[in-house]
Amino acid sequence: MSQALVRIAAGWLLGLMLAIAGAIVAVNLVNDTVASPQQPVREYLGALQSGDGGKALGLLRATVPPSNAAMLDGTALQTAASRLANVNIGDAEERPGSQVMVPLEYTIDGSRLRTEFLLQKTGTEWIFFNTWAFVPSRLPTVDVTVVNASEATVNGVDVNMPNGRNSFAVFYPGEYEATVNGEYFSAPATRATVTARDVPVAPLNLLTQATDELKTDVAAKVKEFLDGCAAQAVKEQKLQPDCPFYFASNNRVQDGTIKWSVTEYPNVAIEPFDGRWVVAPLDGKAKVEALQQNLFTGAWYPLDEEVDFSFTTRLDVSGDTIKVTPMLSF
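Criteria and thresholds
- Residues numbered from 1 in each chain as written.
- Predicted model: local features only at pLDDT ≥ 70, side-chain atom pairs only at ≥ 80, totals over all residues.
- Heavy atoms only, no water.
- Helix = DSSP H or I, 4+ residues; strand = E, 2+ residues; numbered from the N terminus.
- Buried < 20%, exposed > 50% of the residue type's maximum accessible area, 1.4 Å probe, protein only.
- Contact = heavy atoms within 4.5 Å.
- Areas by Shrake-Rupley, 256 points an atom, 1.4 Å probe, with all protein chains shown as cover.
- Disulfide = S-S within 2.5 Å.
- Core = buried A, V, L, I, M, F, W, Y, C linked by side-chain atoms within 4.5 Å.
- Axes fitted to C-alpha atoms, helices over the stretch in contact; angles between N-to-C directions.
- Parallel < 35°, antiparallel > 145°, perpendicular 65-115°, else oblique.
- Nonpolar A, V, L, I, M, F, W, Y, C, P; charged D, E, K, R; others polar.
- Phe/Tyr/Trp six-rings, centres within 6.5 Å; stacked < 30°, edge-to-face > 60°.

*Asks:* Just checking my understanding: could you explain the overall build of the chain for this structure?
*Replies:* For the chain, the helix and strand inventory stands at five helices and 22 strands. The buried share of the chain, reckoned over its 330 residues, is 38%. Of all intrachain contacts in the chain linking residues separated by at least 6 positions in sequence, the fraction that spans at least 24 positions is 55%. For the chain, the exposed surface amounts to about 18500 Å²; the carbon and sulfur share of it is 53%.

*Asks:* Looking at this structure, I do not really get the state of the cysteines. What am I missing?
*Replies:* Across all of its chains, the model carries one disulfide by this definition. There is a disulfide in this structure between Cys 229 and Cys 243, and the S-S distance comes to 1.9 Å. An S-S torsion of about -110° defines the bridge between Cys 229 and Cys 243 as left-handed. Placement of Cys 229 in helix H5 (residues 212-236) and of Cys 243 in the loop between H5 and strand E16 (252-253) is noted, with a sequence separation of 14 residues between them. Classification of Cys 243 as buried rests on a relative accessible area of 6%.

*Asks:* Teacher, can you tell me more about the nonpolar core here?
*Replies:* Across soluble globular proteins, you tend to see nonpolar side chains buried next to one another. Ranked by size, the top nonpolar core spans 46 residues in total, and within it Tyr 44, Leu 60, Phe 117 and Phe 171 carry the most contacts. Beyond its immediate sequence surroundings of up to four residues, Phe 171 is in contact with Tyr 44, Leu 48, Gly 53, Ala 56, Leu 57, Leu 60, Leu 72, Leu 77, Leu 139, Tyr 176 and Val 194. Cys 229, Phe 247, Leu 315 and Ile 322 belong to the second-largest nonpolar core, a separate cluster that totals 32 residues.

*Asks:* How should I be thinking about unusual backbone geometry in this particular structure?
*Replies:* Where the residue is not glycine, phi is negative for most of them; where a peptide bond is considered, it is trans in most cases. Following Tyr 172, the chain continues to Pro 173 via a peptide bond in cis, the omega torsion being 0°. Mapping Pro 173 onto the fold places it in the loop between strand E11 (165-169) and strand E12 (174-181). Even without a glycine there, the phi angle at Gln 237 is positive, about 55°. For Gln 237, the position within the fold is in the loop between H5 and E16.

*Asks:* Would you mind showing me how to read the environment of Ala 169 here?
*Replies:* Position of Ala 169 relative to the elements: it lies in strand E11. Here Ala 169 falls in the buried class, since its relative accessible area comes to 0%. Remark: the alpha-carbon pair of Ala 169 and Asn 68, spanning 101 residues in sequence, is separated by 6.2 Å. With near-sequence residues (within four places) excluded, Ala 169 lies in contact with Val 64, Pro 65, Ser 67, Asn 68, Met 71, Leu 72, Pro 140 and Thr 141.

*Asks:* Is there a simple way to explain the packing of helix H2 (residues 38-49) against helix H4 (residues 74-82) in this structure?
*Replies:* The description of two packed helices rests on the angle between their axes and on the distance between the axes. Look at H2 against H4: their axes get within 7 Å of each other, and the N-to-C directions meet at 120°. Between H2 and H4, the crossing angle belongs to the class labelled oblique. Where H2 abuts H4, its residues Ala 47, Leu 48 and Gln 49 lie against Leu 77, Gln 78 and Ala 81. For the contact of H2 with H4, the class distribution of residues is four nonpolar, two polar and no charged.

*Asks:* Is there a simple way to think about the packing of aromatic side chains in this case?
*Replies:* When we look at a pair of aromatic rings, we describe it by the centre distance and by the angle of the planes. Tallied over the entire structure, the rule returns ten aromatic pairs. Ring centres of Phe 185 and Trp 277 lie 4.6 Å apart, and the angle between their planes is 25°; this geometry places the pair in the stacked category. With Phe 185 in strand E13 (residues 185-194) and Trp 277 in strand E19 (residues 276-279), this residue pair connects regions lying 92 residues apart in the sequence. Measuring from ring centre to ring centre gives 5.0 Å for Phe 245 and Trp 260, while their planes differ by 35°; the resulting arrangement is tilted. Taken together, the positions of Phe 245 in the loop between H5 and E16 and Trp 260 in strand E17 (residues 259-264) put the pair 15 residues apart, joining distant regions of the chain. For the pair shown, Phe 245 and Trp 260 are each scored as buried. Through a chain of ring-to-ring contacts, the aromatic side chains of Tyr 44, Phe 117, Phe 134, Phe 171 and Tyr 172 assemble into a single cluster.

Here it is, written out as structure tokens:
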């Protein structure tokens, strides 16, 4: 064989070896990137961040427990995932049974956290490229309770709370925030961080309170009632009207001189009790003025007395309508 042919053959052989080596490098590169066990984790995180619950559920191969599904899609899901920062997907670690664990590290509200995903090799594509999938699992749940309310807001989504409680299936990792922001009732926000499928999550307990607006509106209705009662007492010229306040006297009072006025209106406090909202006993002061006659001397002189009073009410709230019913006993 001539030297020229030898050189040509050597060149072809070198080219073939380089091509094979390049193919091996390419295969390894693909298996370390798009065909790596980290890739399903990347796709899963992307689905969470875009609020695509259907895709996330399919990738995770998870079953949904009996629960409310409001957190599994859209705004609620995006909100849960948006609170992850400084996200880093680590190297896969081998586990028994042809499985690997892919660690995910991140921060939520400044706290460094870690989630471990278990994946298994499911085969190859185009002979060389590995395919991976999450080991099937079951979604965790977050329980929410609320005092004296049938609705709440979780991750920006309004949800029903039958009998003041509900359980929500959730994806992980993520953070879930519950609150009540009503016109008349509110509860401070409370949060739960879910890092894994099998880590217990403390319930989100919402301690609902009456808003200042409700107290102001109830106080206005109480004032309206007391002022109306005082005006009626003046009209009827009664020392003992059908009101929370009255005055007892053994003297004769000149008709047409009786005047009632409220000098101190009650402070309104509203608290939950036995599954409903109640107004604490209302204490105030009223003044009666009149001209009275001493029955022994016959002399007339002014009556000017301030009296304490106290009464209770029934509070009914329906939507944006409130009703205050005084409960008087005579």
